[in-house]
Amino acid sequence: MSSDWPHVQLHVVTGKGGTGKSTVAAALALGLASHGKNVLLCEVEGRQGVARMFDVDPLPYAETRIATGLRMRSRSGADAAPGNVYALHIAPEEALLEYLKMYYKLGPAGRALDRFGVTEFATTIAPGVRDVLLTGKLFEAVQRNSRNKGARTYDAVVLDAPPTGRITSFLNVSESVAGLAKVGPIKNQADTMMTLFRSRRTAVHLVTLLEEMPVQETADGISELRAAGLPVGGVIVNQVRPRDLPDESLSAALAGDLDSEEIAEDLKRAGVEPDPGLVAALTEEAKEYAERRALEDTQRELVAGLGVPTYELDRTAGGIDIGGLYELAAELKDQGLA
Amino acid sequence: MTSHPRVGPLAAHADHTHALEVDRLLDDRDTHIIVCCGSGGVGKTTTSAALALRAAERGRKVVVLTIDPARRLAQSMGIAQLDNTPRPVPDVGPGRLDAMMLDMKRTFDEVVESQASPEKAQQILNNQFYIALSSSFAGTQEYMAMEKLGQLYRDSFAHNGGSGDYDLIVVDTPPSRSALDFLDAPERLSSFLDGRFLRLMLAPTKGPVRLMSAGISIVTNALKKVLGGQMLTDLQTFVTALDTVFGGFRQRAQETYALLQADETAFLVIAAPEPDALREAAYFVERLSGDRMPLQGLVINRATLPDEAALTAAAAGAASERLPDAPLTAGLLRLHADRALLVERQEQLRERFAVAHPHVPTAVVPALPGDVHDLDGLREIGRLLAGE
């Protein structure tokens, strides 16, 4: 299937804590890097989560190749050569120094700034500046210009972004500097960045689980993004329970009305000793599962009512390794997010 | 995998975990503060509320301070809106429970008002930099959480000369980027106040007497170039105005830090049985002991625990494949295989954590099929926390 987001150069992936947004961001980067495309995966929260997922050394403040993109079979049956995924760990301190070097030839004054605690002030204490530095570097990576000589250009940039509760203020850089700078160079740069973030070259995707709190937070996040004029992308429903039980058995499972004798017979045929304890435990598990499924279905309807394209990824009981990331990437490609 | 240096040798299935005795902690009248910390999305806020409710129903006078704007939690406690003032939770006894949510800006304003003359305070409150700082600064939330905690403690504890309204504060910490930012807040503030940056900002930029050293003028010129002249002037006005009240800020932050280290405080680290959440938890545990903070235990939420079905994942998976004509039973077996795999993986994660941190008492709270909607839901979590 072709991508639902052909114009998007900047994919921002957010989500409530614990929903797996970093995993989805990584899988999306792999999926986008098929067919010879080069993709940059950025992280901004200093966790080095990308390095851990891809099992590589902690990332420096430099674009580093970490993986080969998803390999796809083309129609002719031959392998389409995949592209590469690069990763960048954006640290505010280094972003500030790089920015100063790129835009202002400060010479020794640049180093003096650090000695006088200006870097520390800007990156940890000054309001909003930290976010502006992080988004500034992101902007630069999407929209490379001649100031960054010899830098690689990417077909797409994926951001493993701050959580849903913070995403709008994070991207809304004009707003965060508005109170501080009414005119001047910082104001101008923030405005330029906003034209990219508000354009259809950007999409903010939200990762959720089929549980009440994450779904509620996703709905709130979408309203906030829309109110700020930021482009909402898709909703990725993560860790969907496998549909192991036939739909027609769910209500019986919920009511505890499954036929124990039939189950015992079947177990025997399959070579499992059907002692009553086992049958009781299995039906209890089925009841819990059916209860969860009913809740999931309610939440799924709410997600469908959000009015944005949705994508679903199955839960893997064994956890996610690199192979698992490629599987998720293929799923996302298949469903049209990548 | 080479990235888990902390995992020690797996001693053959020795039981490394001590149970966390939640009721003993709540009933101990010398426990005055319980701090719940952990990464985002592990159920920290719910755990804090459940602990606070249980303590109140065991006779304590409790206030729970949450950081998250969790509407659902407010509803589940029968309160329309949580704000900066403690509100009583109805139908709780024999003790009492009040709930409140941190209002960062309001708390910051109160600090300024209490520390500066009315005139000076107004000047600060109107400054553009202050407005941005008090509502959006990444570290403000951590610092203000500390401030509010200190305030509550000073005002309401009888043994401390307060009103006697409360004898236990349960606090939920901000979902920080770096886990324990709130512990760093006082020191960061101090180093900023003692730092060169402040002196740089306080140095006069113009006037008949130029007192600046050459280094300072290089830096201010560079700043002017980058920020623009107006913004630099605003910043200097702001720093000058705040300078007069900073002394009080620092002292109180340090007092609260000392309070956190005291025996009357108990830290609980909250986690979920996932590698990332437990890695964060390990970091918390090490950081807390490094700072000599009284860590009382680990809570693992949303666990999948073994049940009566004595069938391995592999056996269940294999059996399900032998039943192509019995979709229900095959489905039950797949369901069980999936569950057994999850149980196994979570047990391994917990065991590894326990091997690496053998002295951390742990409470494991099983995942509930539904979400929490009311006080009864919170009571249920409380019972599970206490191991009932």
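The rules behind the values
Residues numbered from 1 in each chain as written. Chains lettered and ligands numbered in written order. Predicted model: local features only at pLDDT ≥ 70, side-chain atom pairs only at ≥ 80, totals over all residues. Heavy atoms only, no water. Contact = heavy atoms within 4.5 Å. Buried area = accessible area lost by both parts, 1.4 Å probe. Salt bridge = Lys/Arg side-chain N within 4 Å of Asp/Glu carboxyl O. Helix = DSSP H or I, 4+ residues; strand = E, 2+ residues; numbered from the N terminus. Buried < 20%, exposed > 50% of the residue type's maximum accessible area, 1.4 Å probe, protein only. Pairing = 2+ DSSP bridges. Right-handed = clockwise from strand over helix to strand, strands pointing away. Axes fitted to C-alpha atoms, helices over the stretch in contact; angles between N-to-C directions. Arc of directions from axis to C-beta. Phe/Tyr/Trp six-rings, centres within 6.5 Å; stacked < 30°, edge-to-face > 60°.

Under an unreviewed UniProt entry, the name given to chain B is Anion transporter, and the source organism is Nocardioides luteus.

In the nomenclature of an unreviewed UniProt entry, chain A corresponds to ATPase from the organism Nocardioides luteus.

Moving on, we get to the interface of chain B and chain A. Opposite the 63 residues of chain B that make contact, chain A presents 65 residues. Taking both sides of the interface into account, the surface hidden between chain B and chain A amounts to around 5900 Å²; carbon and sulfur atoms contribute 63%. Joining chain B to chain A, the criterion identifies 3 salt bridges. A:R269 is paired through a salt bridge with B:D325; the nearest N and O atoms lie 3.1 Å apart. Counting only elements with at least two residues in the side of chain B that touches chain A, the list comes to α3 (71-76), α6 (128-136), α8 (181-194), α9 (196-202), α10 (214-227), α11 (229-261), α12 (275-290) and α14 (327-356) of chain B.

Our focus in this paragraph is the pairing of strand β6 (residues 265-271) of chain B. Residue and element names in this part refer to chain B. Of all 7 residues that make up β6, 7 are buried, and the element is covered over most of its length. The side-chain alternation of β6 yields two buried faces, one formed by T265, F267, V269 and A271 and the other by A266, L268 and I270. Judged from the 5 bridges that link them, strand β1 (residues 33-37) and β6 form a sheet pairing that is parallel. Bridged to I33 within β6 is T265. Crossover handedness for the path β6 to α12 to strand β7 (residues 295-303): right-handed.

For the rest of this paragraph, the subject is the sheet that holds strand β6 (residues 84-89) of chain A. All names here are of chain A. Strand order in the open sheet formed by 8 strands is β3-β6-β2-β7-β1-β8-β9-β10, with mixed pairing between adjacent strands. Only two strands of the sheet have a single neighbouring strand rather than two, namely β3 (64-68) and β10 (310-314). Pairs of neighbouring strands in the sheet enclose a mean axial angle of 25 degrees, with direction left out of account. Where helix α6 (residues 129-142) meets the sheet, its contacts fall on β1 (10-15), β2 (39-43), β6 and β7 (156-160), and the angle it forms with β7 comes to roughly 160 degrees. Packing against the sheet, helix α13 (residues 276-304) makes contact with β9 (232-240) and β10, and its axis sits at approximately 170 degrees to β9.

So, on to helix α7 (residues 164-171) of chain A. Three or more residues of α7(A) are buried, namely A:T164, A:I167, A:T168, A:F170 and A:L171. On an axial view of α7(A), the arc spanned by its buried residues comes to 165 degrees, and they lie on one face.

Before going further, it helps to examine the pattern of salt bridges. Using the criterion set out here, one finds 40 salt bridges over all chains in the structure. A salt bridge links A:E312 to A:R300, with the nearest nitrogen and oxygen atoms 2.8 Å apart. One end of the pair, A:E312, is in strand β10; the other, A:R300, is in helix α13, with 12 residues separating them in the sequence. Among the ionic contacts, a cluster of salt bridges with common partners joins B:K105, B:R106, B:D109, B:E110, B:E113 and B:K148.

Under the counting rule described, the total for this entry stands at 3 aromatic pairs over all chains. Look at A:Y86 and A:Y154: their rings are 5.7 Å apart centre to centre, the planes differ by 65 degrees, and that puts the pair in the edge-to-face class. Of this pair, A:Y86 sits in strand β6 while A:Y154 is found in the loop between α6 and β7, placing the two residues 68 residues apart along the sequence. What makes A:Y154 buried here is its relative accessible area of 10%. When the centroid spacing of 6.5 Å and the interplanar angle of 70 degrees are considered together, the rings of B:Y283 and B:F284 count as edge-to-face. Judged by its relative accessible area of 36%, B:Y283 falls in the partly exposed class.

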